[in-house]
Amino acid sequence: MSPKFLLLIASMFLSCLAVSAQYTEKINTNRPGTSQGAFSVGNNVLQLEGGFGLGKEKHKILNTKTNVFKIDYAVRYGLLIEQLELRINGTFRADGVKQTIGANEEKIKRSNFEANTFGAKYLIYDPYKKPKKDSINYDELKSWKERHKFKWKSLIPAVSAYLGANFVSADNPFTAPNDDTFSPKIVLMTQNNWSTSLNGDWVLVTNLIIDKVTTDDPIIGWIITSTHTINEKWAAFGEYQGQKSDFYSDNILRMGGAYLYDKDLQFDANIAFNFKDTPSIFTVSFGASYRFDWHTKDEIIEQPGLEGGVKEEEEKPEIDTEDGEENIDGELEELEEGEEIENDSIKLEKTPFINDFEDDSLRENIEKDLDERRTAERLERERIENEKIAKKEGKKFKKEEARRLKREAKEARKAEKAAIQAEKEKQKMIEDIDAELDKMEKEQGVDQELQDIDKELQELEKMEKELDLEQKEEQEEKQEEKQEEKEKEQEEDVDAEYEKYQKEQEKNKKEEEKRRKKEEKKRQKEEKKRKKEEEKRKAKEEKENNEDSDIDKELDQIDQ
């Protein structure tokens with residue numbers, strides 16, 4: 001089966017499907033992920049999407065390191081009808097490969113398009129497009145539980161199909177060897193939109209991809225993307241992409257976010273990585289999306305959860321007043337669905353579907369019933385808005401209270417730190433004073449001890465001199481005695497003995513007198529030493545008392 005024949009069949013199939021609204025007031029882009037949403041950009045809308053990425057790849061077996069630079073682009077255009085979109089997209093890659101073989105390192109630079117694809121996408125089924133005739137659920141307006149309960153219908157996704165063709169150049173280093181320059185690509189897309197008042201909006205997109213089925217290396221791929229709207233400007237997403245083929249298989253995770261600058265311009269960023277090492281991948285990408293809005297019809301895609309949505313305005317039917325057989329109930333239902341008059345009362349205009357010949361009481365009852373319903377709806381809307389405002393005010397008050405408590409806690413911590421620092425400084429000052437006093441006392445004590453030692457040494461020298469004099473006198477006396485003994489040897493024995501006796505007596509008296517003098521001197525020295533020690537002890541006590549009083553005065557000054 002030739003590719004042209006496949007494209008012809010796909011075009012015929014798409015032309016037979018029903019039309020549904022795709023246009024949105026804000027830009028509807030597929031970035032920053034790689035999956036395609038089920039909805040198109042809308043009729044007569046041109047949208048440009050693109051970005052660039054920087055990354056690194058490491059192959060453990062081949063022992064290569066690759067620096068990667070990528071540029072991806074997409075051009076989307078809504079053609080003829082709302083659900084049809086033409087799309088051109090591709091990726092250009094330039095990298096530098098470093099391969100180590102033994103002790104040699106080889107560098108290779110490569111650049112080419114990884115893929116260029118042209119195709120068409122069509123919405124097959126939209127679960128939000130066919131509402132019931134009575135689109136107003138009065139139970140939901142009256143009950144919070146009815147408005148926020150889980151709706152099983154939200155599990156039914158919108159479904160789209162994409163058929164395209166790949167164009168690659170010959171001898172492309174990023175495709176399989178002997179890859180065909182032309183090959184088909186088929187994608188089946190589903191999209192679920194969930195909107196909650198508490199957790200914001202969520203979108204789940206899944207893509208099932210069958211690519212290059214006519215080549216020797218066909219590819220089966222799948223992408224699952226979840227997007228969460230944080231507020232009116234910011235959104236976050238997570239994506240899982242899998243690919244299976246004989247040439248290359250991988251599983252890649254992406255995470256990132258997008259910022260809506262205005263209704264036609266969006267900026268985005270994401271990171272991508274895998275879980276294998278043949279090769280391992282890490283990429284950081286940045287991009288933007290911009291649309292040229294030439295849409296003329298007032299058609300807006302259904303918001304998630306509002307089954308019925310905003311439909312194309314219909315012209316009011318002309319009423320043949322002469323007929324008189326109009327279906328009043330049917331016209332009332334159309335008026336309730338359209339809600340063309342945003343006022344509690346419809347008496348500002350004449351009701352077009354009431355025959356001029358009808359009874360005024362019936363008209364008044366109908367108008368009264370409509371007034372009551374619209375008043376109830378308006379009051380319920382006001383109540384919901386008041387609840388939102390009160391909730392916002394409550395959140396604001398909680399934030400301010402939390403900030404105030406944080407400020408008070410911070411100030412308390414500062415005061416505590418200042419008190420601790422002051423206490424530390426005070427303690428340090430006291431320690432410095434004590435150290436200085438100890439130093440002074442130590443220095444004074446050493447000087448006094450040295451002086452005492454010098455005095456004792458002087459006294460000992462004096463005593464030694466006195467003893468030396470005494471010993472000299474004794475030696476001289478002994479010599480004199482010997483001399484006298486020699487001189488008087490010739491004298492008579494009696495006289496000699498008598499004289500000897502007298503000398504001995506005199507000697508004993510002298511020795512006794514010397515001993516007594518010596519003891520007296522020793523006693524006087526001890527008395528002087530004791531008095532000096534007493535005076536030293538008293539002086540030290542007075543000094544310590546004076547120093548204690550000085551320290552107390554300084555501490556009092558510090559405390560003040």
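This write-up is about the structure you can find in this document. Throughout, residues of each chain are indexed from 1 in the direction in which the sequence is written. Local features in this predicted model are restricted to residues of pLDDT 70 or higher, and side-chain atom pairs are both shown and tallied only at a pLDDT of 80 or more, whereas totals for entire chains, interfaces and linings draw on every residue. Side-chain metrics rest on all non-hydrogen atoms present in the structure, leaving aside hydrogens and water.

Considering the packing of aromatic side chains
Aromatic ring pairs: the centre-centre distance and the angle between the two ring planes describe each pair.
Alright, step 1. Within 6.5 Å between ring centres, the rings of Phe, Tyr and Trp (the latter by its six-membered ring) count as paired, and their orientation is classed by plane angle as stacked under 30 degrees, edge-to-face over 60, tilted in between. All chains considered together, the criterion is met by eight aromatic pairs.
Alright, step 2. With 6.2 Å between their ring centres and 80° between their planes, Tyr261 and Phe267 make a pair best called edge-to-face.
Alright, step 3. A relative accessible area of 37% places Phe267 in the partly exposed class.
Alright, step 4. Taking the centre distance of 5.8 Å and the plane angle of 80° together, the rings of Phe273 and Phe275 count as edge-to-face.
Alright, step 5. Three or more aromatic residues joined by ring pairs form one cluster here, namely Tyr290, Phe292 and Trp294. Relative accessible area decides the class of each residue, using a 1.4 Å probe on protein chains only: under 20% of the type maximum gives buried, over 50% gives exposed, and in between gives partly exposed.

Quick word on unusual backbone geometry
Alright, step 1. Of note, the amide linkage connecting Arg31 to Pro32 takes the cis form, showing an omega dihedral of 5°.
Alright, step 2. Examined against the element boundaries, Pro32 turns out to sit in the loop between helix H1 (3-15) and strand E1 (45-59).
Alright, step 3. Following Thr278, the chain continues to Pro279 via a peptide bond in cis, the omega torsion being 0°.
Alright, step 4. By definition, any uninterrupted DSSP run of H or I lasting at least four residues is a helix, any uninterrupted run of E lasting at least two residues is a strand, and each is numbered from the N terminus. Following the sequence through the fold, Pro279 ends up in the loop between strand E11 (265-274) and strand E12 (280-293).

A closer look at the pattern of salt bridges
Alright, step 1. One speaks of a salt bridge when a side-chain nitrogen belonging to Lys or Arg is within 4 Å of a carboxyl oxygen belonging to Asp or Glu. By the definition in use, this model includes 29 salt bridges.
Alright, step 2. One salt bridge in this structure joins Arg373 and Asp369, with 3.5 Å as the shortest N-O distance. A residue pair is termed a helical-turn pair when its members lie 3 or 4 positions apart in one helix, as Arg373 and Asp369 do in helix H5 (residues 360-487) at four residues.
Alright, step 3. Overall, Asp369 belongs to the partly exposed group, its relative accessible area being 33%.
Alright, step 4. Salt-bridge contacts for Glu527 lead to Arg530; the nearest nitrogen and oxygen are separated by 2.4 Å. Within this pair, Glu527 and its partner Arg530 are both found in helix H6 (residues 493-559), separated by three residues, close to a single helical turn.

Regarding the environment of Glu477
Alright, step 1. As for its placement among the helices and strands, Glu477 is situated in helix H5.
Alright, step 2. When the C-alpha positions of Glu477 and Lys507 are compared, they lie 9.1 Å apart, and in sequence the two are 30 residues distant.
Alright, step 3. With residues up to four places along the chain from it excluded, the contact list for Glu477 reads Lys510 and Lys514. Contacts were defined at the residue level, with two residues in contact if any of their heavy atoms lie within 4.5 Å.

Topic: the side chain of Asp268
Alright, step 1. Among the secondary structure elements, Asp268 is positioned in strand E11.
Alright, step 2. Looking at Asp268, the relative accessible area reads 6%, which means it is buried.
Alright, step 3. At 3.0 Å, the side chain of Asp268 and the side chain of Arg31 are in polar contact.
Alright, step 4. For Asp268, the contacting residues outside a window of four places in its chain are Arg31, Pro32, Gly257, Ala258, Ser285, Phe286, Gly287 and Ala288. Any pair of nitrogen or oxygen atoms within 3.5 Å is treated as a polar contact; in protein, a donor-acceptor pairing is required on top of that, and neighbouring residues in sequence qualify only through side-chain atoms on both sides.

Considerations on the pairing of strand E3 (residues 84-101)
Alright, step 1. With 15 bridges joining them, strand E2 (residues 64-78) and E3 adopt antiparallel strand pairing. The residue of E3 that forms the bridge with Val75 is Ile88.
Alright, step 2. Two strands form a pair only when DSSP identifies at least two bridges running between them. In terms of strand pairing, E3 meets strand E4 (residues 104-125) through 18 bridges, oriented antiparallel. In the strand pairing of E4, Asp95 is matched with Arg110.
Alright, step 3. The loop that links E3 with its antiparallel partner E4 comprises two residues; one of these, Gly102, has a positive phi angle of about 65°.

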